[in-house]
Amino acid sequence: DMENLHFNTAVARLFELIETTVHAIAPAMPLGFMTGDRFFEGYDFATWTDILAGPDSSEVLWRPGGGFYSDEALNGLVGKSHDIGRQVSQLPASVISIQSEIENFPYQRLKKAAHTTALETAAHIAAGCTGTAFNVLQPYDEPLDEYEPLVSVLHKARPFYDLMAKTLGRSRPQGLWAAWSKDSYAAAGIGTDGWPDAVDGSVMVGKAGEIFEIGIPAAYTLADARITALTGDAPLALSEDELLAVLSRGVYIDGPALERLNAMGYGEHTGFTVARYHDKDCIEELVPHALNGPLSGRRRDNRQSFLWWNVPAAELAPSAPAAQPLARLVDYGNRQVAACSSGVFKNTLGGRICVAGYFPWSFLQNYAKSAQLKSVLRWLGRDTLPGYVASYHKINMWVREVGEGRLAAALVNTTLDTACDVELMLRTTQTEIGVHAMSGEQTTVRSAGADGVYRRFVLPAMPGWQMILVIG
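Residues numbered from 1 in each chain as written. Predicted model: local features only at pLDDT ≥ 70, side-chain atom pairs only at ≥ 80, totals over all residues. Heavy atoms only, no water.

Caption draft 1: Highlighting the side chain of Asn 413. With respect to the helices and strands, the residue Asn 413 is situated in strand β18 (residues 407-413). We classify Asn 413 as buried; its relative accessible area is 2%. Only 3.1 Å separates the side chain of Asn 413 from the side chain of Thr 415, close enough to count as a polar contact. Apart from residues no more than four positions distant in its own chain, Asn 413 is found in contact with Lys 394, Ile 395, Thr 418, Ala 419, Met 462, Pro 463, Gly 464, Trp 465 and Gln 466. (Helix = DSSP H or I, 4+ residues; strand = E, 2+ residues; numbered from the N terminus. Buried < 20%, exposed > 50% of the residue type's maximum accessible area, 1.4 Å probe, protein only. Polar contact = N/O pair within 3.5 Å; in protein donor to acceptor, adjacent residues only side chain to side chain. Contact = heavy atoms within 4.5 Å.)

Caption draft 2: Seen up close, the packing of helix α9 (residues 240-247) against helix α10 (residues 255-266). One can describe the packing of α9 onto α10 by two numbers: an axis separation of 13 Å at closest approach and a directional angle of 120 degrees. Note that α9 runs across α10; the crossing there is left-handed. In this structure, α9 contributes Glu 240, Leu 243, Leu 244 and Leu 247 to the contact, and α10 contributes Leu 261, Met 264 and Tyr 266. A breakdown of the residues in the contact of α9 with α10 according to their chemical character gives six nonpolar, no polar and one charged. (Axes fitted to C-alpha atoms, helices over the stretch in contact; angles between N-to-C directions. Left-handed = near helix turned anticlockwise from the far one by under 90°. Nonpolar A, V, L, I, M, F, W, Y, C, P; charged D, E, K, R; others polar.)

Caption draft 3: Seen up close, a negative patch on the surface. A grouping of Asp 141, Glu 142, Asp 145, Glu 146 and Glu 148 is seen on the molecular surface, where their side chains present a negatively charged patch. With respect to the secondary-structure elements, Asp 145 resides in the loop between β4 (131-135) and α5 (148-168). (Patch = residues over 30% accessible without salt bridge, like charges linked within 9 Å, V, L, I, M, F, W, Y side chains within 5 Å. Areas by Shrake-Rupley, 256 points an atom, 1.4 Å probe, with all protein chains shown as cover. Salt bridge = Lys/Arg side-chain N within 4 Å of Asp/Glu carboxyl O. Lys, Arg positive; Asp, Glu negative; His and termini not counted. Charge placed at Lys NZ, Arg CZ, Asp CG, Glu CD.)

Caption draft 4: Seen up close, the pairing of strand β2 (residues 60-64). Only one face of β2 is buried: it carries Val 60, Trp 62 and Pro 64, and the other face, with Leu 61 and Arg 63, is open. The parallel pair strand β1 (residues 31-35) and β2 is bridged by helix α2 (residues 45-53), and the resulting crossover is right-handed. (Right-handed = clockwise from strand over helix to strand, strands pointing away.)

Caption draft 5: Here's a closer look at the packing of helix α3 (residues 75-89) against helix α4 (residues 114-127). Where α3 meets α4, the closest approach of the two axes is 9 Å, and the angle between their N-to-C directions is 30 degrees. As far as their axial angle goes, α4 and α3 are roughly parallel. Considering the relative orientation of α3 and α4, their crossing is right-handed. Listed contacts from α4 to Leu 77, Lys 80, Ser 81, Ile 84 and Gly 85 of α3 are Thr 116, Leu 119, Glu 120, Ala 123, His 124 and Ala 127. Tallied by class, residues from the contact of α3 with α4 come to five nonpolar, four polar and two charged. (Parallel < 35°, antiparallel > 145°, perpendicular 65-115°, else oblique.)

Caption draft 6: Region of the structure containing the environment of Cys 354. Topologically, Cys 354 is positioned in strand β15 (residues 352-356). A sequence separation of 30 residues divides Cys 354 from Gln 324, and the C-alpha atoms of the two residues are 9.6 Å apart. Excluding its chain neighbours within four sequence positions, the residues that come into contact with Cys 354 are Val 251, Tyr 252, Ile 253, Leu 326, Gly 343, Val 344, Val 376 and Leu 380.

Caption draft 7: Inspection of the layout of surface pockets at higher detail. Of the voids in this model, the second largest pocket is the one considered here, and its volume is about 400 Å³. Along the wall of the second largest pocket there are 20 residues; nearest its centre are Ala 437, Met 438, Ser 439, Gln 466 and Met 467. In terms of residue class, the lining of the second largest pocket is made up of 13 nonpolar, five polar and two charged. (1 Å grid on protein atoms, 1.4 Å probe; cavity = no way out; pocket = protein on both sides within 12 Å on 5 of 7 lines; lining within 4 Å. Points joined across faces, edges and corners; volume = space filled by probe spheres on them.)

Caption draft 8: Looking closely at the state of the cysteines. Evaluated as defined, the whole model comprises zero disulfides. Cysteine Cys 340 shares no disulfide, and the gap to the nearest cysteine sulfur, in Cys 354, comes to 9.6 Å. (Disulfide = S-S within 2.5 Å.)

Caption draft 9: Focus on the nonpolar core. Counting residues in each nonpolar core, the largest one holds 110 residues, and the members touching the most others are Met 164 and Met 467. The element that contributes the greatest number of residues to this core is α4, accounting for eight residues. Not counting residues within four places of it along the chain, the set of residues in contact with Met 164 comprises Ala 122, Ile 125, Ala 126, Gly 169, Ala 410, Met 467 and Leu 469. (Core = buried A, V, L, I, M, F, W, Y, C linked by side-chain atoms within 4.5 Å.)

Caption draft 10: Here's a closer look at the packing of aromatic side chains. According to the stated counting rule, one finds 18 aromatic pairs in the structure shown. Each ring, one from Phe 15 and one from Phe 33, has its centre 4.8 Å from the other, and the planes form 75 degrees; the classification is edge-to-face. In this pair, Phe 15 sits in helix α1 (residues 7-25) while Phe 33 sits in strand β1, placing the two residues 18 residues apart along the sequence. Ring centres of Phe 359 and Phe 363 lie 6.2 Å apart, and the angle between their planes is 70 degrees; on these two criteria the pair is classed as edge-to-face. Under the relative-accessibility criterion, Phe 359 is labelled buried at 0%. Here the aromatic residues Phe 15, Phe 33, Phe 39, Tyr 43, Phe 45, Trp 48, Trp 62 and Trp 180 are joined through ring pairs into a cluster of three or more. (Phe/Tyr/Trp six-rings, centres within 6.5 Å; stacked < 30°, edge-to-face > 60°.)

What follows is the structure in structure tokens.
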């Protein structure tokens, strides 16, 4: 009875029927599938790939998708790239043709600018695709004249896409992993009476979006992670081996994830407990610490009284002598509410922990907080991040190792302002990089110095909502 089959099993049996039927007639015919970032499907891409390939290992094509249909909210472009990055990360290396679907439904050209469509294509390649399938023309028997400007823009960008696909290939993005997994949705809400909150996408995919926006590169698997970010119920979806791997490296944790970890028996490795939560009148103040440097005393007020973005602030209590506070909470009368609202700890596994109790995922984009967070993340990762943006800019980036020790990075300026004097830090010994613009312009940039294992490169001005590709 198909109704009683697990969804994965139903899809597998359907694919078996398709594969045997098609390959009995055309043995070498490639087969493929289009997916979305849908956790109820089980994300069993490797199994489905094997079935579609058949006994003769025929080519399998893939089309990862997501929802971004107009440019009224441009952040959705990068969000879809992360959706696609997660999907690509679950495909075996044998899948080479991975074309994102650029869908401009309902195909009214003014709903999404030609520039937006061109940039979206590049961003999805940066996240892991090797090409693009354009679903952008209206399906009716009408003149297509209105689409000529769009096709012209895509034609001009084609050399840039080809360069990205050739350079990046099937290499994998490295950086901060938001600790999503195929089981994230199933694990959400365990121990409560309700169904997992499907409206909150962070139940499945983590909450690191703003961290990525300040120039920290994204990774989509534990194997490619240099740092892990844990929120809420995310620990419940990881195996014991995975959790020990996370805790023995560098991990950034919020209050609810800290409580989950401690309840699961990992308290000796976290260094802190949550004493209580405060839901009003709290301001974060950085305290003297080497990781805060000259930023000590700087404050961040995210106005908890605005109920539609209220986030309870965790008051932390050190549970080990080595736990050190990074910030405290004060109120609007300048009175201390909590001596510790975030802190760091080195555990016996060799791991480095940062627990962030005050708005750990949102409103991170004032200068002091973004600079402090980059300092903390470098410390957490022991300078193993392949690269990051050191300057005060809003830039999403993906960094890939593309062979022979070379790095390539795709950067998107995700504001309307031109970004000047962007400082890109790359973990390389090379002193020159090539900077390629979508327009076809190429610039060679020499290193402006080093900071430990990182070389500093000051990039040419980046117009708003444009991408560049950096090749070592």
